[in-house]
Amino acid sequence: MPLHPHTPDPGNDDELSFRPQFTQHGEVGEVPRLRLADKGMPPRIAFQIIHDELMLDGNARLNLATFVTTWMEPEAELLMAECSSKNMIDKDEYPQTAEIERRCVNILARLWHAEGSGATGCSTTGSSEACMLGGLALKWRWRQRRVLAGLPADRPNLVMGANVQVCWEKFCRYFDVEARLVPVGPETAHLTPESAAEACDDNTIGVVAVLGSTYDGAYEPVAEIAAALDALEAGGGPEVPMHVDGASGGLVAPFLDTKLRWDFRVPRVQSINVSGHKYGLVYPGVGWILWRDAKALPEDLVFKVNYLGGEMPTFALNFSRPGAQVVAQYYNFLRLGANGYREVQATCRNTAQWLAAEIERLGPFTLVSRAEGIPVFAFRLTDTLPYSVYDISEALRSFGWLVPAYTLPPALDDVAVLRVVVRNGFSRDLAKMLLENLETVLKRLATSVGPNRGPTEDKASFHH
Ligand SMILES: Cc1ncc(COP(=O)(O)O)c(C=O)c1O
C-alpha cells in the first residue's frame, strides 16, 4: 500500500466540506479531515459524504490496466456480503468456510494435474502472498539440502526473467535472496530455457516461470525451461526446482490451452500460484498456491490452528482475512463449471485478439503481443510521431478509458507500449467503442501541436 505521511499541520486541508442539508438548523457543519471529530454523525450523512467523494474514482469496468475482476454476478455479491464478517483464520468457528476452501484447493489440484501426487495448498490474499509462500518453501528446501550436505547456505539466489512481476523482487528483498534477473531481449521479452539454465548455480533455490507475463501476456515456455534444467542436472549441474507464477494463466490455460504442458505434469514444477481475483473471476482479495507433494512444502513453515477440537495446518503471512472471497471463488466454480470458465476465457481471448488486430489495422501501431496467452496484448508506435504512447493514454482518459502506457523491462526499456487487459465483462461492443475513441484520439493528436510527453514527465501509468 502507498505509504502516507502524517500531516501535523493540515492548514486549509483541515475541514471536510459539509452540505447545508446535513446540518440541523442553527448548527455549524464542520468535520475535520485528518483527525477524529469529537462527535459522530448519522449513518445516512456519513454514507453520503463518502459516496460523493468516491464519485471521483475512475469507472472500474473501463480500467483496462488492471487484471483484477471488476464485475461479478449479484448472487456472488450477496454471498460475499454474507461472509465478509467471517474470519478465514477461525477454522473452528466457521468450519463450512474452511470446507469450501478445501474444495477449491482440490478443484485447482485436478485442473493442474496433481492427481495422486499428494498435493497440498491454501488460499491467500492474492498472488503476491502466494508467491512469497512459494519462494519461502523453495528457500527452506534449498537450505535444508545445503545444511545436510555440510555446505554454506548463506547466499541463496532465485532465477527469473527481468519481466517478472514486482512481487518476486519484493520476495527477494524481504527474505534475503539474490534476485537473479535474467535480461530479456528484443526477440523474446521473457525467460528462455537456455538463459534460465545458464543463470543457475549451486545457490539457486529455484527458477520462476511466468504463465502470462504482466508486460505482454505471453506464456513463458515452462516445459522447455524444465527440460533445460533436466539437462543441466544430468550434466552434473545442480538440481533446481521450478515454481510457476500462473497469477493470470493458471486459470486460463487449463480451459483454453489443454495440450500445453506447464503444470504438475512437468515433474520439475514444485508449486503453482494463481490469483483468484484475476481470471478466477472474483473481486480483489484472493489467491491460491499449491505444492505438488508434502516434500515440496517443509514442515517447519507450517503453523497449526484450532479446528473442531483438533488442529489444522496453515501457512500464511497474515492472520485475519475475510472469508468472502474464498466463498465467491467457490460460487464461480459451482456456477460456471469447466464449460462456463472455458466460455468466459475464450470470449475474453477472442475479443482481445480481435481488438489487437483492429488496432494493428489503424496504421501507426506495431503489436508487441497478440493475446495468444492470456487475453492481454501490448502495442507500440511504429515510428517516431509528434505524439507518444503517453499522450494517447492521457487522451483516452477523456473518454473514461484507462489504458496504461509504460516501458518494457530493463534491456527493452527504450520501448514504450500501451497495454490492454481484456476481462470478463469487457464485451465486443465495448471493444468497438474503445477502437472508435482511439481513432478519434489519433486524429486529434495528429493535428494538435503540443509537447511529446515521455515517461519522465510523470505520465507513465500504473500497470501492476
Ligand atoms: C505474473 C504476476 N504475478 C504476480 C502478480 C501479483 O498478483 P496479485 O495482485 O494477485 O498479488 C501479478 C499481478 O498482476 C502478475 O501479473
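Bear in mind that the values here come from a model prediction, so they are computed numbers and not experimental data.

## Observations regarding the overall build of the protein
- Scanning the protein from N- to C-terminus turns up eleven helices and 15 strands.
- Computed over the C-alpha atoms, the radius of gyration of the protein is 24 Å, within 12% of the 23 Å expected from 2.2 N^0.38 for a compact globule of 464 residues.
- Considered along the principal axes of its C-alpha atoms, the protein spans approximately 80 × 65 × 50 Å.
- Each of the 464 residues in the protein was classed as buried or not, and the buried ones make up 41%.
- Long-range contacts, defined as pairs at least 24 residues apart, comprise 70% of the intrachain contacts of the protein with a sequence gap of at least 6.

## With respect to unusual backbone geometry
- Of note in this structure, Leu281 is not a glycine but carries a positive phi near 75 degrees.
- Here Leu281 is to be found in the loop between strand 8 (269–275) and strand 9 (287–291).
- Taking the number of C-beta atoms within 10 Å as the measure of exposure, Leu281 has 27 and is therefore buried.
- The phi torsion at Ala371 lies on the positive side, around 60 degrees, for a residue other than glycine.
- Among the structural elements, Ala371 can be located in the loop between strand 12 (365–367) and strand 13 (376–381).
- Accessibility expressed as a C-beta count within 10 Å gives 26 for Ala371, which makes it buried.

## Considering the nonpolar core
- Grouped together as the largest cluster of nonpolar side chains are 123 residues, with contacts concentrated most on Met160, Val207, Ala209, Ile225 and Leu290.
- Ranked by residues supplied to this core, first place goes to helix 9 (residues 324–361) with 14 residues.
- Each residue touching Met160, except ones within four places of it in the same chain, is listed here: Trp168, Leu181, Val182, Leu191, Val207 and Val208.

## Points about the site of the ligand
- Looking at the ligand, there are 15 residues lining it, with Gly126, Ser127, Ser128, Gln165 and Ala247 nearest.
- Looking at the shell around the ligand, the element that brings in the most residues is helix 4 (residues 127–148), giving three residues.
- Among the residues forming the shell around the ligand, the class breakdown is five nonpolar, nine polar and one charged.

## Re the packing of helix 9 against helix 11 (residues 428–447)
- The contact between helix 9 and helix 11 brings their axes to 10 Å, and the two run at 20 degrees. Relative to helix 11, the element helix 9 lies roughly parallel. In this structure, the crossing between helix 9 and helix 11 has a hand that is right-handed. Contacts between helix 9 and helix 11 involve Thr351, Trp354, Leu355, Glu358 and Ile359 from the former and Arg428, Ala431, Leu435 and Leu438 from the latter.
- Each residue belonging to the contact of helix 9 with helix 11 can be placed in one class, and the counts come to six nonpolar, one polar and two charged.

## Section: the sheet that holds strand 4 (residues 157–161)
- A sheet is described by the order of its strands in space; here seven strands give the open sequence 3-9-8-7-6-4-5, paired in mixed fashion. The sheet is open, and its two borders are formed by strand 3 (120–124) and strand 5 (178–182), each paired with just one other strand. When the angles between neighbouring strand axes are averaged without regard to direction, this sheet yields 20 degrees.
- Note that strand 4 and strand 5 share five bridges and pair parallel.

## Details of the sheet that holds strand 14 (residues 405–407)
- Taken in spatial order, the four strands of this open sheet run 12-13-15-14, and their pairing is antiparallel. Two strands close off the open sheet at either side, each with one partner strand: strand 12 and strand 14. The sheet shows a mean angle of 40 degrees between the axes of neighbouring strands, direction not considered.
- In this sheet, strand 13 lies alongside strand 12 in antiparallel orientation, the contact comprising three bridges. Along strand 13, the bridge assignment pairs Thr366 with Arg380.
- Helix 10 (residues 389–397) rests against strand 13, strand 14 and strand 15 (416–421) of the sheet, and its axis sits at about 35 degrees to strand 15.

## A word on the pairing of strand 15
- Of all six residues that make up strand 15, five are buried, and the element is covered over most of its length.
- Two strands pair when backbone bridges link them, and strand 13 and strand 15 are joined in this way by four bridges, in the antiparallel orientation. Directly across from Phe379, in strand 15, lies its bridge partner Leu418.
- Bridge count for strand 14 against strand 15 is three bridges, and the pairing is antiparallel. In the sheet register, Thr407 faces strand 15, and the bridge partner there is Ala416.

## Side note on helix 2 (residues 74–83)
- By the burial criterion, the buried members of helix 2 are Ala76, Met80 and Cys83. In a view along the axis of helix 2, the buried residues occupy a sector of 70 degrees, so they form one face of it. Projecting away from the buried face of helix 2 at angles above 90 degrees are the exposed residues Pro74, Glu75, Leu78, Ala81 and Glu82.
- Where helix 2 is buried, its residues meet helix 3 (95–111) and helix 9.

Cut-offs applied
Here the residue numbers are simple positions, counted from 1 along each chain's written sequence. For a predicted model such as this one, the threshold for reporting local features is a pLDDT of at least 70, and the threshold for listing and counting side-chain atom pairs is 80 or more; totals across whole chains, interfaces and linings nevertheless cover every residue. Numbering of helices and strands runs from the N terminus; a helix is a DSSP stretch of H or I covering at least four residues, while a strand is a stretch of E covering at least two. Note that the radius of gyration is over C-alpha atoms, with the globule rule given as 2.2 Å times the number of residues to the power 0.38. Field definition: a residue is buried when 20 or more other C-beta atoms are found within 10 Å of its C-beta, exposed when 12 or fewer are, and partly exposed for counts in between, with C-beta atoms placed from the backbone. In this description, any two residues whose backbone-derived C-beta atoms lie within 7 Å of each other are considered to be in contact. For our purposes the nonpolar core covers buried Ala, Val, Leu, Ile, Met, Phe, Trp, Tyr and Cys residues that link as a set through C-beta atoms within 7 Å. Residues are classed as near a molecule or strand if the C-beta position derived from their backbone is within 6 Å of it. For this classification, Asp, Glu, Lys and Arg are treated as charged, while Ala, Val, Leu, Ile, Met, Phe, Trp, Tyr, Cys and Pro are nonpolar and the rest, including Gly, are polar. Axis lines are fitted to C-alpha atoms, over the contacting stretch for helices. Their N-to-C directions set the angle, which ranges from 0 to 180 degrees. By the definition adopted for this analysis, an angle is roughly parallel if under 35 degrees, roughly antiparallel if over 145, roughly perpendicular if from 65 to 115, and oblique otherwise. Handedness of a helix crossing follows the sense of rotation of the near helix relative to the far helix, less than a right angle counterclockwise being left-handed and clockwise being right-handed. In this description, strands pair whenever DSSP reports at least two bridges between them. Here the arc refers to the directions that run from the helix axis out to each C-beta atom.

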